[in-house]
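Topology and contacts: notes
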Amino acid sequence: LALINDIDNEERERGVTIDIALHYVRVPAIPDKGPEYAVPLSLTLIDSPGHRDFVPAMILGASQANSAVLVIDASPGQFEAGFGDLGQTKEHALLIKALGLSKLIVTVNKLDSVGYDQERYDFVVEKVSAFLKQTGIRSEIQFVPVSGFQGVNIIDLDASNPLKQWYHGPSLLGAIRKVAHEISAQRQDLEVLMDQPTRFCVVDVTRKQNQGDMTVTGKVLAGSIALNDRLVVLPMGEMVTVKHVEIGYDRFPVAIAGDHHVTLALTFNQQGVDSSLLVAGAIFCGPEKTTP
């Protein structure tokens, strides 16, 4: 699965995810399986790096998500190393909490390396669950045992697999479906946010030819942003005009509250503005009501 998600040749050669990668997945409906399966899903999967050298890229990816999947290596020695003081598992959990991702799925991966041993799975779940509670993540956390290498319990769980003897919960896809269903049920909250003043958080800034002065990527926190909208950049205090709006890799006339990985092509309204002052962390607001 890591090889599939890594789209850069260098990442595949090194076996380490370096930058975020976006994947758009359409999942068909399976009405016979319950309400979570009744409608098809359109998912945006953001694969973020886990290596300590690429934490900024991990934050960039996670900051645009609605929920998180934390992948734990359950193989002997690797879990202990990742969960120890020099590992990254705890840091990732803390970042998930800091970024406000309340819905969390923990996949206990590489169980094939321990023969799908329930005792090993329970040990990992106990350790991780206790730490997550200490971080302040109080929402329901789904733990899902998988083997990415063998493709076990990713989409479904074959009855002949040893995991079936003791695990009777959802597959990884089933757990994602449940989270997506819960997010969809909160659509009313998004409608409330749409009626609030526009707020857009910048997580990345790039420059591209023929697309305005620059492009920014981020998430619409409240309100909406449409073509030709004028926005105030804080803390700069400068005004920009939106030249086009992209969500993922497709252009749309408008982006609304809750949309993530939104890319805006911008032009500064005044000449001579130092565009280098527009950096990640900036907030775009509607000119009628800026943040205090």
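In what follows, the structure referred to is the one given above.
Everything in this summary refers to the structure shown in the same document. In this text, all values refer to a predicted model and were calculated from it rather than measured experimentally.

**Description of the overall build of the protein**
Broken down by element type, the protein carries eight helices and 14 strands. Within the protein, buried positions represent 44% of all 292 residues. In the protein, once contacts between residues fewer than 6 apart in sequence are set aside, the share between residues at least 24 apart is 66%. About 15,700 Å² of surface is accessible on the protein, with carbon and sulfur atoms providing 52% of the total.

**Quick look at the packing of helix α5 (residues 89–98) against helix α6 (residues 118–135)**
Where α5 contacts α6, the two axes come as close as 10 Å, and the packing angle between them is 40°. Considering their axes alone, α5 and α6 lie oblique with respect to each other. Handedness of the α5/α6 crossing: right-handed. Across the interface between the two elements, K90, A93, L94 and K97 of α5 pack against F131, L132 and T135 of α6.

**Brief notes about the sheet that holds strand β4 (residues 104–109)**
The strand order across the open sheet built from three strands is β3-β4-β5, with neighbouring strands paired in parallel fashion. Either end of the sheet is taken by a strand with one partner, and the two such strands are β3 (68–73) and β5 (141–145). This sheet shows a mean twist of 20° between the axes of neighbouring strands, independent of strand direction. Inspection of the sheet shows β3 paired to β4 by six bridges, in the parallel sense. Paired with A68 across the strands is L104, a residue of β4. On the sheet, α6 packs against β3, β4 and β5 and is oriented at approximately 155° with respect to β5.

Reading the values: rules and limits
- Throughout, a residue's number is its position along its own chain's written sequence, starting from 1.
- Local features in this predicted model are restricted to residues whose pLDDT is 70 or higher, and side-chain atom pairs enter the listing and the counts only when it is 80 or higher, whereas totals over whole chains, interfaces and linings include all residues.
- Here the side-chain values reflect all heavy atoms present in the structure, with hydrogen atoms and water set aside.
- The secondary structure listing takes helices from DSSP runs of H or I that are at least 4 residues long and strands from runs of E that are at least 2 residues long, numbered from the N terminus.
- The buried label applies to any residue whose accessible area, calculated with a 1.4 Å probe on protein chains only, is under 20% of its type's maximum; exposed applies above 50%, and partly exposed to all values in between.
- Here, two residues are considered to be in contact whenever any of their heavy atoms come within 4.5 Å of each other.
- Here, Shrake-Rupley sampling with a 1.4 Å probe gives the accessible areas, and only protein chains in the shown set may cover a residue.
- To obtain each axis, a line is fitted to C-alpha atoms, and for helices this fit is confined to the stretch in contact; angles are then taken between N-to-C directions over 0 to 180 degrees.
- Here the angle decides the label: under 35 degrees means roughly parallel, over 145 means roughly antiparallel, 65 to 115 means roughly perpendicular, and every other value means oblique.
- By the definition used in this description, the sense in which the near helix is turned from the far one sets the handedness, with an anticlockwise turn below a right angle giving left-handed and a clockwise turn giving right-handed.
- Being paired, for any two strands, means DSSP has found at least two bridges between them.

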